[in-house]
Amino acid sequence: MKFVILTGLSGAGKTTALKVLENLGFFCVDNLPSVLLTKFADLCFQGNPEFNKVAVGIDSRGRSYFHELEAALDYIDKSNYPMDVLFLQCDKDVLVNRYNFTRQAHPLKDEGGTILECIEKEIKILEPIKKHASFMIDTSKMQIKNIKLALERLYGENKKAVVKTYVSSFGFKRGIPVDADFMFDARFLPNPYNVQELRSHSGLEKDVKEYLFGFESFNNTIEHIYQQLKYVIPQYASSGKQELFYAIGCTGGFHRSVALADEVSKKLKKDGFEVVCEHRDYDIEGEKWKDPTPN
């Protein structure tokens, strides 16, 4: 039985997260009043075979009952019900921008104040619940696909006796991936950005790769990361872990780290490892190189 309490700041992605969990086979309930949580937990854990994976979304929308959530969590814990509290957080300025962009009202707007004041008020309300968190995901710099992948790592079923390895590129200027198991800084490598004719081309493209392959340091780095993962992945498998997240960063996440992640992933796949190659900032960084002139 897997029982997940999904909570966190409004606007941090709980609706998206619930949809992902539903696609992972969870029975999902959104905005359950805290006063009903203990009864619902009893129902799920007392022999109902239909409830083997359950996710419950609770946030400040049910603020008239929200103060009872901490007591409900204590009850579930004392009842020895296995439970995860998944807390989604996000930077205040990012949340303000999201609310301004979507024009949605904050759940605490009826209590008065600006969007920022509502967010700050909610942070204080949620502070006691945050202490119960089993996992915290900061969605400040995450796109929807990244939230999906993070939840798949936590709750996706991996029935094979292998480690699923995620090799991801990213740009340091947009922040580090806080959920990475390993992180490699590739900013010491020659930068295609400094070559005018390569600047608008990504690390997946032939010309950029040919440029990078011309440097011994780039080829040695591929081999270094490959050998490291070739050693580490079996160690993860023997320890019972099912996923490994290896992040490779450069300045923007468009040239060096993309090429490295792609090449390392190809080598690992040839060896039979289960590898997913991701490029966190590739789409965002590539937008500025698109030709704005209509056809």
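Residues numbered from 1 in each chain as written. Predicted model: local features only at pLDDT ≥ 70, side-chain atom pairs only at ≥ 80, totals over all residues. Heavy atoms only, no water.

Chemist: It is not clear to me how helix α4 (residues 69–78) should be interpreted in this structure. Could you clarify?
Modeler: Along an α-helix, residues three or four positions apart point the same way, because every turn accommodates 3.6 residues. Buried within α4 are the following residues: Leu69, Ala72, Leu73 and Ile76. When α4 is viewed along its axis, its buried side chains cluster within an angular range of 100° and face the same direction. Just past α4, the residue Asn80 takes up positive phi, approximately 60°. (Buried < 20%, exposed > 50% of the residue type's maximum accessible area, 1.4 Å probe, protein only. Helix = DSSP H or I, 4+ residues; strand = E, 2+ residues; numbered from the N terminus. Arc of directions from axis to C-beta.)

Chemist: Would you mind showing me how to read the pattern of salt bridges here?
Modeler: Once the charged atoms of two side chains with opposite charge are near each other, the side chains can pair. Overall, the coordinates contain 17 salt bridges when judged by the stated rule. Between Glu285 and Lys173 there is a salt bridge, with the nearest N and O atoms lying 3.2 Å from each other. Of this pair, Glu285 sits in helix α11 (residues 282–287) while Lys173 sits in the loop between β6 (164–171) and β7 (182–185), and the two are 112 residues apart along the sequence. The partner of Arg280 in a salt bridge is Asp281, with the nearest N and O atoms 2.9 Å apart. Residue Arg280 shares its accessibility class with Asp281, and that shared class is buried. One network of salt bridges, with partners in common, ties together Lys209, Asp262, Glu263 and Lys266. (Salt bridge = Lys/Arg side-chain N within 4 Å of Asp/Glu carboxyl O.)

Chemist: Help me understand unusual backbone geometry in this model?
Modeler: Phi is positive for Asn31, close to 60°, though the residue is something other than glycine. Here Asn31 is to be found in the loop between β2 (27–30) and α2 (37–45). Positive phi is not limited to glycine here, since Asn80 has a value of about 60°. Assignment of secondary structure puts Asn80 in the loop between α4 and β4 (84–89). By relative accessible area, Asn80 is classed as exposed at 66%.

Geometric values such as these leave the question of function open.
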